[in-house]
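# Fold and geometry: a report
This is what each chain is made of:
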Amino acid sequence: MALACAVMGCHHEGAIRIDLSTGTPRFIIEHQGWPRPFWTPRVTEFALASEEDGPIWQLESIDSRGLAAKHIVIEYGRVPAGFAQVYPEGGLRPRTLQTRRNYFVAAGGQRAVYRIVFAMPITGWTPILPNATPKLREPDRMDITTTQPAG
């Protein structure tokens, strides 16, 4: 898809928004700008990959024309209406997204491409420490020295 856009030229580029508030990432494609409302680009495929794992999940539209890029919401691991899963084959669920990895997401069609790079956040507010057992420090002690007069 990206290679096709580079060679043939895409007329419209946009960003995919990501919603992490539900626990499962949701990718939102909403075309902004010209020529909307007169014409909206169409999305024929969606893909997610990482450098470590390569391709992770890929969808293609059932209709060869694609879906209009008007509030397309894709929840990770669930095939939305109008799409079919291409990878992983056999309808297997895509692998779990890991923290500390960058993921590349792209969606597009003949005349548009949408994309985002994101990383899964570390869950909770507890930082991961090199030593899992924290060392407790004793409270500071005051040394009191009594000065006695010489004599």
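## Quick look at the sheet that holds strand E3 (residues 26–29)
Overall, antiparallel pairing links the 3 strands, which are arranged E2-E3-E8 in an open sheet. Unpaired on one side and paired on the other, strand E2 (17–19) and strand E8 (72–75) mark the two borders of the sheet. Across the sheet, the mean angle separating the axes of adjacent strands is 25° when strand polarity is ignored. With 3 bridges connecting them, E2 and E3 associate as antiparallel partners. Bridged to Ile-18 within E3 is Phe-27.

## Side note on the pattern of salt bridges
Per the stated rule, a full pass over the model turns up 5 salt bridges. Between Arg-65 and Asp-63 there is a salt bridge whose closest N-O contact spans 3.5 Å. On the accessibility criterion, Arg-65 (54% relative accessible area) is exposed. According to the relative accessible area criterion, Asp-63 is partly exposed, its value standing at 33%. Ionic contacts of the salt-bridge type, sharing partners, join the residues Asp-53, Arg-95 and Arg-101 into one network.

## With respect to the nonpolar core
The biggest cluster of nonpolar side chains holds 23 residues, and the ones touching the most others in it are Ile-29 and Leu-48. For this core, the secondary-structure elements that each account for two or more residues are E3, strand E5 (45–50), strand E6 (54–61), E8, strand E10 (102–108) and strand E11 (112–119). Considering each element in turn, this core owes the most residues, 4 residues, to E11. Look past the residues within four positions of Ile-29 in its chain and what remains in contact with it is Ile-16, Val-43, Ala-69, Lys-70, His-71, Ile-72, Ile-74, Ala-107 and Tyr-114.

## Brief notes about unusual backbone geometry
The omega angle of the peptide bond from Tyr-87 to Pro-88 is -5°, so this bond is cis rather than trans. Take Pro-88: it is sitting in the loop between strand E9 (83–87) and E10. Its identity is not glycine, yet His-71 carries a phi of approximately 55°, on the positive side. As for its placement among the helices and strands, His-71 is situated in the loop between strand E7 (67–68) and E8. Accessibility expressed as a relative area gives 47% for His-71, which makes it partly exposed. A positive phi is found at Arg-100, a non-glycine position, where the angle reads about 65°. Along the chain, Arg-100 turns up in the loop between E9 and E10.

Cut-offs applied
- Residues numbered from 1 in each chain as written.
- Predicted model: local features only at pLDDT ≥ 70, side-chain atom pairs only at ≥ 80, totals over all residues.
- Heavy atoms only, no water.
- Pairing = 2+ DSSP bridges.
- Helix = DSSP H or I, 4+ residues; strand = E, 2+ residues; numbered from the N terminus.
- Axes fitted to C-alpha atoms, helices over the stretch in contact; angles between N-to-C directions.
- Salt bridge = Lys/Arg side-chain N within 4 Å of Asp/Glu carboxyl O.
- Buried < 20%, exposed > 50% of the residue type's maximum accessible area, 1.4 Å probe, protein only.
- Core = buried A, V, L, I, M, F, W, Y, C linked by side-chain atoms within 4.5 Å.
- Contact = heavy atoms within 4.5 Å.

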